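# Fold and geometry: a report
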Amino acid sequence: MNNKDLPDISLRRYTMDDADITLALFQRAVREVASRDYTPAQIEAWAGHIDRRVWGNNLERQSTWVAMRENTLAGFASLNDHGHLDMLFVSPDHQRRGVARALLMTAEQAAWQRGMDRMTTEASLTALPFFKARGFEVVKAQEIERRGQVLKNFRMEKALHGTGSAR
């Protein structure tokens, strides 16, 4: 899968061989990017102590795509069978280069092709502006508990109107 608008990014389906690199990217993105919005204790509760096998199996059960730039993992996204964007993370080295947009467009197209007219996600404080700019609306602010820490995020949804609906 190649995105015509972003020729230097190639998208492909996740395989179990991607478990380690996606987990490392997730932890790095949370620790280096989300750290501006969450405390060190919250970051560790969110990104620490993750079982690699559970992680890999979770991504394999969903529709998951990885974004590659010059043979390097730039980001990944996963969509469940109910139109919920479970994860969308971009490497700190590839921020603001269209990776998240390409992954979101791919997930939206997949949801639309499955007959879904809405997509949901739970956006962190860090990701909130990205999702708002792409037509997602906040349904409610949430406080979730993870390993003794309370993290604020936002339940969001977007009406899908066909392929390429990300702005």
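In case you missed it, the structure is sitting above this.
Described below are features of the structure shown in this document. (Residues numbered from 1 in each chain as written. Predicted model: local features only at pLDDT ≥ 70, side-chain atom pairs only at ≥ 80, totals over all residues. Heavy atoms only, no water.)

### Comments concerning the packing of aromatic side chains
As enumerated under the stated definition, the model contains eight aromatic pairs in all. Among the aromatic side chains, those forming a connected cluster through ring pairs are F26, Y38, W46, W55, F76 and F89. (Phe/Tyr/Trp six-rings, centres within 6.5 Å; stacked < 30°, edge-to-face > 60°.)

### Here's the deal with helix α1 (residues 19-32)
If you check α1, its first and last C-alpha atoms are 20 Å apart, about what 14 residues at 1.5 Å a residue would give, namely 20 Å. Here α1 has its buried residues at A19, T22, L23, L25, F26, Q27, A29 and V30. Turning to α1, the residues buried within the fold contact α2 (40-47), α3 (52-61), β2 (63-69), β3 (72-79) and β4 (84-90). (Helix = DSSP H or I, 4+ residues; strand = E, 2+ residues; numbered from the N terminus. Expected span 1.5 Å × (residues − 1). Buried < 20%, exposed > 50% of the residue type's maximum accessible area, 1.4 Å probe, protein only. Contact = heavy atoms within 4.5 Å.)

### Considering the pattern of salt bridges
For the structure shown, the criterion picks out ten salt bridges. Taking the shortest distance from any N to any O, the salt bridge between R28 and D93 comes out at 2.9 Å. A residue pair is termed long-range when its members are at least 10 positions apart, and R28 in helix α1 and D93 in the loop between β4 and α4 (99-113) qualify at 65 residues. Here D93 falls in the partly exposed class, since its relative accessible area comes to 43%. (Salt bridge = Lys/Arg side-chain N within 4 Å of Asp/Glu carboxyl O.)

### Overview of the pairing of β2
A large share of β2 lies buried, amounting to seven of its seven residues. Of the two faces of β2, both are covered, the one formed by S63, W65, A67 and R69 as well as the one formed by T64, V66 and M68. By the bridge criterion, four bridges tie strand β1 (residues 10-13) to β2 in an arrangement that is antiparallel. Note that in β2 the partner of R12 across the bridge is V66. Examined bridge by bridge, β2 and β3 share seven bridges and lie antiparallel to one another. When the sheet's bridge partners are listed, A67 is paired in β3 with G75. (Pairing = 2+ DSSP bridges.)

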